[in-house]
Amino acid sequence: MGRLYSFALHDLRVSEGRIIIQTIEKLREHFQVPLTIHLVFDVELSTQPELSLYLQDQIHAGNLEIVFHGLTHTCSKNVPKLWAVFHKYQAEYLDNDQEHREATRKTFTAIADKLNMRIGICPPCWLASRENLDFFRSLGPPYIETMLHLHYGDDNVFSPVISLGSPSRLEVFFLKILAWAICSLSCMLGMNRVRIAMHVCDLKTQDAHCFFKKRMSRLNRRGFRPVLLRELQ
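From a predicted model like this one, the values you see are computed outputs, not experimental measurements.

Criteria and thresholds
- Residues numbered from 1 in each chain as written.
- Predicted model: local features only at pLDDT ≥ 70, side-chain atom pairs only at ≥ 80, totals over all residues.
- Heavy atoms only, no water.
- Pairing = 2+ DSSP bridges.
- Helix = DSSP H or I, 4+ residues; strand = E, 2+ residues; numbered from the N terminus.
- Axes fitted to C-alpha atoms, helices over the stretch in contact; angles between N-to-C directions.
- Contact = heavy atoms within 4.5 Å.
- Nonpolar A, V, L, I, M, F, W, Y, C, P; charged D, E, K, R; others polar.
- Salt bridge = Lys/Arg side-chain N within 4 Å of Asp/Glu carboxyl O.
- Buried < 20%, exposed > 50% of the residue type's maximum accessible area, 1.4 Å probe, protein only.
- Arc of directions from axis to C-beta.

Q: It is not clear to me how the pairing of strand E7 (residues 155–158) should be interpreted in this structure. Could you clarify?
A: A regular strand carries its side chains on alternate faces of the sheet. Pairing of strand E6 (residues 149–152) with E7 involves four bridges; the strand directions are antiparallel. Looking at E7, one finds that Leu150 is bridged to Val157. Connecting the antiparallel pair E6 and E7 is a turn made up of two residues, with Gly153 showing a positive phi of about 65°.

Q: Explanation requested: the packing of helix H1 (residues 18–31) against helix H2 (residues 49–60) in the structure shown.
A: When two helices pack together, their arrangement is given by the angle between the helix axes and the distance between those axes. Packing of H1 against H2 brings their axes to within 8 Å, and their N-to-C directions diverge by 35°. Across the interface between the two elements, Arg18, Ile20, Ile21, Ile24, Glu25 and Arg28 from H1 touch Glu50, Leu51, Tyr54, Leu55 and Gln58 from H2. In the contact of H1 with H2, the residues fall into six nonpolar, one polar and four charged.

Q: What should I look at first to understand the pattern of salt bridges in this one?
A: Opposite charge on two side chains permits pairing when their charged atoms draw close. Evaluated as defined, the whole model comprises six salt bridges. Note that Arg195 is salt-bridged to Glu145, the shortest N-O span being 2.8 Å. Taken together, the residues Arg195 in strand E9 (residues 193–199) and Glu145 in strand E5 (residues 144–145) connect sequence positions 50 residues apart. Classification of Arg195 as buried rests on a relative accessible area of 2%. Of the charged contacts, one joins Asp207 and Lys176 as a salt bridge, the two residues approaching to 2.2 Å between their closest N and O atoms. Taken together, the residues span a long stretch of sequence, with Asp207 in helix H7 (residues 206–221) and Lys176 in helix H6 (residues 169–188) at a distance of 31 residues.

Q: Whenever I open this one, helix H5 (residues 130–138) confuses me. Can you help?
A: An α-helical turn contains 3.6 residues, so a residue and the one three or four places further along point in the same direction. Restricting attention to buried positions, one finds in H5 the residues Asn132, Leu133, Phe135 and Phe136. Within H5, the buried residues cover an arc of 155° as seen down the axis, which keeps them to one side. Buried residues in H5 make contact with helix H4 (98–115), strand E4 (120–121) and E5. Phi for Gly140, located one or two positions after H5, is positive at around 70°.

Structure follows, in structure tokens:
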């Protein structure tokens, strides 16, 4: 099977339309690896016909993969505060709300119909309640992402995440150390499946671009091969 890693951009919102196309093209040119994008479906894909056509063409050409990344990427202040320092109330599926689940089902089904395929699911911040994880399984996605694993049906693949994703310089300092450690351990301890997750807030700094490029270069030197997220199984 070999050693594989995926490169994904999180938190793009469908409402941004053409900006998403421009962002994808710039990232593909800069990193030159298969690209997975995590889309927040804050509006229906059908409201962005240019984006919809672009995504369909790129997906079916095998150049791109999209992942369902929620409807709002925000949650209420009612969720447990234990993880708040991490999720900053962006972990949408920590809320247990039946109406929200039904809205998610409707949107996810519409995406499947539009693209003629089901896509993977990654709850914002990789966090979801047990009830919502059960709900995701009922939708029949090819996989569900969590903090440490990719869940392909009954097959759970251990896959650590190399990520920054914060506008705070202090947080980024510590996140870089953690990301460097995960990359180093993956190379040294024989981990075979690694996820690299860039976030929209990382796009604003050249430093973040260089950081991720260096991590990918190291993985490449250690025999890892870049693939779309669905191919990490």
